[in-house]
Amino acid sequence: SGTPAQHALFRENVVKGWCKSNFAGAIADSFNVSSITDVGVGNTRITWDRDFASADYAVTATVLDTTSAAIYASLVAQVAGSCDIFCQIAGVATDGQSTLAIAIGDQ
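Procedures and definitions
- Residues numbered from 1 in each chain as written.
- Predicted model: local features only at pLDDT ≥ 70, side-chain atom pairs only at ≥ 80, totals over all residues.
- Heavy atoms only, no water.
- Pairing = 2+ DSSP bridges.
- Helix = DSSP H or I, 4+ residues; strand = E, 2+ residues; numbered from the N terminus.
- Axes fitted to C-alpha atoms, helices over the stretch in contact; angles between N-to-C directions.
- Contact = heavy atoms within 4.5 Å.
- Salt bridge = Lys/Arg side-chain N within 4 Å of Asp/Glu carboxyl O.
- Buried < 20%, exposed > 50% of the residue type's maximum accessible area, 1.4 Å probe, protein only.

Comments concerning the sheet that holds strand β5 (residues 58-64)
An order of β2-β1-β9-β5 is seen for the four strands of this open sheet, with the pairing classed as antiparallel. The strands lining the two open edges of the sheet, one partner per strand, are β2 (27-31) and β5. Each neighbouring strand pair of the sheet contributes to a mean axis angle of 5°, computed without reference to strand direction. Across five bridges, the pairing between strand β1 (residues 17-21) and strand β9 (residues 98-104) is antiparallel. Each bridged residue has a counterpart across the sheet, and for Cys 19 the counterpart in β9 is Ala 101.

Laid out in C-alpha coordinates, this is it:
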(Lines give C-alpha, C1' and ligand atoms only; values in the text may rest on other atoms or scores of the structure.)
Protein backbone atom coordinates (compact mmCIF):
# COMPACT_ATOMS: atom_id res chain seq x y z
CA SER A 1 0.00 0.00 0.00
CA GLY A 2 1.02 3.56 -0.51
CA THR A 3 2.91 5.06 -3.38
CA PRO A 4 5.68 2.85 -4.83
CA ALA A 5 9.18 4.27 -5.00
CA GLN A 6 9.93 6.11 -8.23
CA HIS A 7 10.80 3.72 -11.10
CA ALA A 8 10.21 0.67 -8.88
CA LEU A 9 8.37 -2.41 -10.09
CA PHE A 10 6.40 -4.19 -7.39
CA ARG A 11 5.31 -7.81 -7.76
CA GLU A 12 1.77 -6.94 -6.59
CA ASN A 13 1.32 -4.53 -9.48
CA VAL A 14 2.40 -6.58 -12.48
CA VAL A 15 0.06 -8.36 -14.88
CA LYS A 16 -0.63 -11.87 -13.54
CA GLY A 17 -2.57 -13.16 -16.53
CA TRP A 18 -3.52 -12.20 -20.06
CA CYS A 19 -4.89 -13.81 -23.19
CA LYS A 20 -6.09 -13.42 -26.73
CA SER A 21 -8.54 -16.08 -27.82
CA ASN A 22 -11.38 -16.66 -30.21
CA PHE A 23 -14.93 -17.35 -29.08
CA ALA A 24 -14.66 -21.07 -29.86
CA GLY A 25 -12.03 -21.47 -27.12
CA ALA A 26 -8.83 -21.48 -29.17
CA ILE A 27 -6.05 -19.53 -27.42
CA ALA A 28 -3.93 -17.46 -29.81
CA ASP A 29 -1.48 -16.49 -27.06
CA SER A 30 -1.62 -16.21 -23.28
CA PHE A 31 0.09 -16.10 -19.92
CA ASN A 32 -1.28 -17.92 -16.84
CA VAL A 33 -4.36 -19.15 -18.71
CA SER A 34 -5.21 -22.85 -18.60
CA SER A 35 -8.29 -22.75 -20.82
CA ILE A 36 -10.92 -20.70 -22.60
CA THR A 37 -14.47 -22.02 -22.58
CA ASP A 38 -17.32 -21.03 -24.89
CA VAL A 39 -20.10 -20.73 -22.29
CA GLY A 40 -22.70 -19.56 -24.82
CA VAL A 41 -23.25 -16.93 -27.48
CA GLY A 42 -21.19 -13.90 -26.49
CA ASN A 43 -19.97 -15.51 -23.25
CA THR A 44 -16.37 -16.65 -22.79
CA ARG A 45 -14.85 -18.08 -19.58
CA ILE A 46 -11.16 -17.56 -18.90
CA THR A 47 -9.73 -20.10 -16.45
CA TRP A 48 -6.48 -19.09 -14.80
CA ASP A 49 -3.65 -21.60 -14.56
CA ARG A 50 -2.66 -20.19 -11.16
CA ASP A 51 -5.68 -18.91 -9.23
CA PHE A 52 -5.80 -15.48 -7.67
CA ALA A 53 -5.88 -15.23 -3.86
CA SER A 54 -9.56 -14.23 -3.98
CA ALA A 55 -12.14 -12.82 -6.37
CA ASP A 56 -10.79 -9.34 -5.57
CA TYR A 57 -8.50 -8.79 -8.56
CA ALA A 58 -8.80 -6.42 -11.48
CA VAL A 59 -9.74 -7.66 -14.95
CA THR A 60 -10.15 -5.63 -18.08
CA ALA A 61 -11.34 -7.08 -21.35
CA THR A 62 -12.17 -6.00 -24.83
CA VAL A 63 -13.32 -7.72 -27.97
CA LEU A 64 -11.85 -7.50 -31.44
CA ASP A 65 -14.35 -7.53 -34.28
CA THR A 66 -13.44 -5.84 -37.54
CA THR A 67 -17.02 -6.14 -38.83
CA SER A 68 -18.66 -4.05 -36.11
CA ALA A 69 -17.44 -0.98 -34.27
CA ALA A 70 -20.29 -1.22 -31.75
CA ILE A 71 -19.40 -4.46 -29.95
CA TYR A 72 -18.88 -4.22 -26.20
CA ALA A 73 -17.29 -6.54 -23.65
CA SER A 74 -18.11 -6.64 -19.95
CA LEU A 75 -17.10 -8.74 -17.00
CA VAL A 76 -20.15 -10.70 -15.79
CA ALA A 77 -18.68 -13.21 -13.32
CA GLN A 78 -15.44 -13.40 -11.37
CA VAL A 79 -14.04 -15.92 -8.89
CA ALA A 80 -10.45 -16.65 -7.85
CA GLY A 81 -9.95 -19.24 -10.59
CA SER A 82 -11.81 -17.74 -13.55
CA CYS A 83 -13.81 -14.89 -15.00
CA ASP A 84 -16.57 -14.62 -17.60
CA ILE A 85 -16.56 -12.01 -20.34
CA PHE A 86 -19.85 -11.18 -22.08
CA CYS A 87 -19.98 -9.45 -25.48
CA GLN A 88 -22.93 -7.70 -27.04
CA ILE A 89 -24.10 -5.34 -29.74
CA ALA A 90 -27.01 -3.10 -28.73
CA GLY A 91 -27.94 -5.48 -25.92
CA VAL A 92 -27.85 -8.62 -28.06
CA ALA A 93 -25.30 -11.32 -27.21
CA THR A 94 -22.81 -11.82 -30.00
CA ASP A 95 -19.52 -13.58 -30.62
CA GLY A 96 -16.71 -11.36 -31.82
CA GLN A 97 -13.54 -12.47 -33.52
CA SER A 98 -11.29 -12.39 -30.44
CA THR A 99 -11.45 -11.68 -26.73
CA LEU A 100 -8.47 -9.92 -25.16
CA ALA A 101 -8.12 -9.72 -21.37
CA ILE A 102 -5.59 -8.85 -18.68
CA ALA A 103 -5.73 -9.44 -14.92
CA ILE A 104 -3.81 -7.94 -12.02
CA GLY A 105 -4.04 -8.91 -8.35
CA ASP A 106 -2.70 -11.03 -5.50
CA GLN A 107 -2.07 -14.72 -6.11
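Observations regarding the side chain of Ser 82
As for its placement among the helices and strands, Ser 82 is situated in strand β7 (residues 82-89). Aside from chain neighbours lying at most four places away, what touches Ser 82 is Arg 45, Ile 46, Thr 47, Trp 48 and Tyr 57.

Section: the environment of Phe 31
With respect to the secondary-structure elements, Phe 31 resides in strand β2. The spatial distance from the C-alpha of Phe 31 to the C-alpha of Gly 17 is 5.2 Å, given a sequence separation of 14 residues. Excluding residues within four positions of it along the chain, Phe 31 makes contact with Val 15, Lys 16, Gly 17 and Trp 18.

Some thoughts on the pattern of salt bridges
Oppositely charged side chains can pair when the atoms bearing their charge come close. Inspection of the entire model under this criterion finds one salt bridge. Between Arg 45 and Asp 84 there is a salt bridge, and its shortest N-O distance comes to 2.7 Å. In this pair, Arg 45 is assigned in strand β4 (residues 43-48) and Asp 84 in strand β7, connecting sequence segments 39 residues apart.

Notes on unusual backbone geometry
Here the phi dihedral of Asn 32 falls at roughly 60°; this positive angle occurs in a residue that is not glycine. Within the secondary structure layout, Asn 32 lies in the loop between β2 and β3 (33-40). The exposure class assigned to Asn 32 is buried, which follows from its relative accessible area of 13%. If you check the backbone angles, Ala 90 has positive phi at about 50° while not being a glycine. Relative to the helices and strands, Ala 90 resides in the loop between β7 and β8 (92-93).

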